[in-house]
There are 2 protein chains.
Amino acid sequence: MATRTDAPTRREQILKEAARLFAERGFHGVGVDEIGAAVGISGPGLYRHFAGKDAMLAELLVGISGQLLTGARRRVAEADGEPAGRDPGRVLDSLIEGHIDFALDDRPLITLHDRELDRLRDTDRKLVRQLQRQYVELWVGVVREVYPDLAEPTARSAVHSVFGLLNSTPHLGRPGSLPGRGVTAGLLHRMARGAFAAAGSE
Amino acid sequence: MATRTDAPTRREQILKEAARLFAERGFHGVGVDEIGAAVGISGPGLYRHFAGKDAMLAELLVGISGQLLTGARRRVAEADGEPAGRDPGRVLDSLIEGHIDFALDDRPLITLHDRELDRLRDTDRKLVRQLQRQYVELWVGVVREVYPDLAEPTARSAVHSVFGLLNSTPHLGRPGSLPGRGVTAGLLHRMARGAFAAAGSE
DNA sequence: TCACCTTGTTAATGAGCGTTAACGCATTTC
DNA sequence: GAAATGCGTTAACGCTCATTAACAAGGTGA
């Protein structure tokens, strides 16, 4: 895995600031002038990099969904390749860990993810929905390996609920006021496992 | 408790439809004409009942927060009055039950609750925040009675996370596609307890 | 019957905002 | 060195939309 050390491109700067602003005040609550100001250029200057405000949101949401799905698939594949054979419990732990990393590192994006989906053009929205659905179904499969008694609709509800739990990080206060990243991650992880376990014992 | 059977007032109709529309497309995504149309009058006609669009949102959010807090306080008080003495576990169950009822019965409001708070005038926002904080602290107190080893910041994080879990109902699909209200409520309740239990065993 | 309040209506106003136009200036490319 | 290209700028356009103005009709009470 190549860690990038080069400076972020202008496009990336814009996307990052737009994500933050959209998460803070909503898509309609942010003007292009503000996004421009956040990266040191004027509002219309953004149009050299994006077709419009919608395009920024679309790229953000598609990017998020794709990243989540790709990461999850990688984790499942890694588990399948382990010498000791696939351990469903450890795969689930890995999925949880990945989602928590994302929720803690990209809190603005997590917020956008389930808040501004309706603002997308039809074609983009369908794409994002499809990626999200695949992500969910991947989780559902793993969860049902760990808890075979769980019916599929129940497992799906449980997965959505655990997403709600993990995605609660934006409500946990400013990053500074948290008890430390590792501690928070550990707490969320234990709670997610506890929630699944309770769902599994129906 | 008097169950009201009289017809809803125009104000109430408006608030209900506004809540639904705001939840669906966001505060800025809904025009006053749409809200008016939803109750059979014209956009400006709304101004006979509300000072403005902001006022509708404010009344909704203050109402939600107040209702949640009042209901929770009532449940705690009822538990204190029980002949067998106060059982913290049962109080927690009662709080969870109340929150689930609300999340299932008023899904649009739950969505608004953590999505559009920033759109309020300063004074209203402070009021809502204060009510929310009191609600959270009430939960934190009960949770720490059930799990005395839990440090206060941890308990608070756990409470926020469980709110995230319980408030996930809007993502669980259309009301029709759910496995039935009782089943869903039971699942959410078990998961919440499981999550708290896992948080408590640090 | 007349005044008045309630609850509507449609038309006009005015601000905000996404987008496009027209232009400037480095830097690269041939 | 000239042309093209990348990346900005400011000004202007046009649309949406919350809000207000002006007016109408039904009901109620003196």
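Residues numbered from 1 in each chain as written. Chains lettered and ligands numbered in written order. Predicted model: local features only at pLDDT ≥ 70, side-chain atom pairs only at ≥ 80, totals over all residues. Heavy atoms only, no water.

- Per an unreviewed UniProt entry, chain A carries the name TetR/AcrR family transcriptional regulator and comes from Streptomyces chiangmaiensis.

**Notes on the pattern of salt bridges**
All names here are of chain A.
Piece 1. Considering all chains together, one arrives at 42 salt bridges over all chains under this definition.
Piece 2. Two residues, arginine 156 and glutamate 137, come together in a salt bridge whose shortest N-O distance is 2.8 Å. Here glutamate 137 lies in helix H6 (residues 122-146) and arginine 156 lies in helix H7 (residues 152-166), a separation of 19 residues in the sequence.
Piece 3. For arginine 144, the salt bridge goes to glutamate 152, with nearest N and O atoms at 3.4 Å.
Piece 4. When its relative accessible area of 32% is taken as the criterion, arginine 144 is described as partly exposed.
Piece 5. Classification of glutamate 152 as partly exposed rests on a relative accessible area of 37%. (Salt bridge = Lys/Arg side-chain N within 4 Å of Asp/Glu carboxyl O. Helix = DSSP H or I, 4+ residues; strand = E, 2+ residues; numbered from the N terminus. Buried < 20%, exposed > 50% of the residue type's maximum accessible area, 1.4 Å probe, protein only.)

**What to know about the protein's contact with DNA strand C**
Piece 1. In the vicinity of DNA strand C there are 15 residues, among which Tyr47(A), Arg10(B), Ser42(B), Arg48(B) and His49(B) approach most closely.
Piece 2. Within 4 Å of the protein, atoms of DNA strand C come from sugar and phosphate in 53% of cases.
Piece 3. The separation between a phosphate oxygen of DNA strand C and a polar side-chain atom of Tyr47(A) is 2.4 Å.
Piece 4. Here Arg10(B) contributes a side-chain N or O atom positioned 2.6 Å from a phosphate oxygen of DNA strand C.
Piece 5. When grouped by side-chain class, the residues that make up the surface near DNA strand C number six nonpolar, five polar and four charged. (Near = heavy atom within 4 Å. Polar contact = N/O pair within 3.5 Å; in protein donor to acceptor, adjacent residues only side chain to side chain. Nonpolar A, V, L, I, M, F, W, Y, C, P; charged D, E, K, R; others polar.)

**Examining the relation of the copies chain A and chain B**
Piece 1. Placing chain A over chain B gives an RMSD of 0.1 Å and needs a rotation angle of 180 degrees, together with 0.0 Å of translation along the axis. Here the two chains are linked by the operation of a two-fold rotation axis.
Piece 2. Most of the interface of chain A is mirrored in chain B, where 100% of its interface residues again form contacts. (Least-squares fit on C-alpha atoms with pLDDT ≥ 70 in both. Contact = heavy atoms within 4.5 Å.)

**Re the packing of helix H3 (residues 53-80) of chain A against helix H4 (residues 88-105) of chain A**
In a pair of packed helices, the angle between the axes and the distance between the axes together describe the arrangement.
Residues and elements named next belong to chain A.
Piece 1. As a packed pair, H3 and H4 sit with axes 9 Å apart at the nearest point and diverge in direction by 150 degrees. Comparing their axes, H4 and H3 come out roughly antiparallel. Note that H3 runs across H4; the crossing there is right-handed. In this structure, H3 uses Ile64, Gln67, Leu68, Ala72, Arg75, Val76 and Ala79 to contact H4, whose residues at the interface are Val91, Ser94, Leu95, Glu97, Gly98, His99, Asp101 and Phe102.
Piece 2. Of the residues contributing to the contact of H3 with H4, the split by class is eight nonpolar, four polar and three charged. (Axes fitted to C-alpha atoms, helices over the stretch in contact; angles between N-to-C directions. Parallel < 35°, antiparallel > 145°, perpendicular 65-115°, else oblique. Left-handed = near helix turned anticlockwise from the far one by under 90°.)

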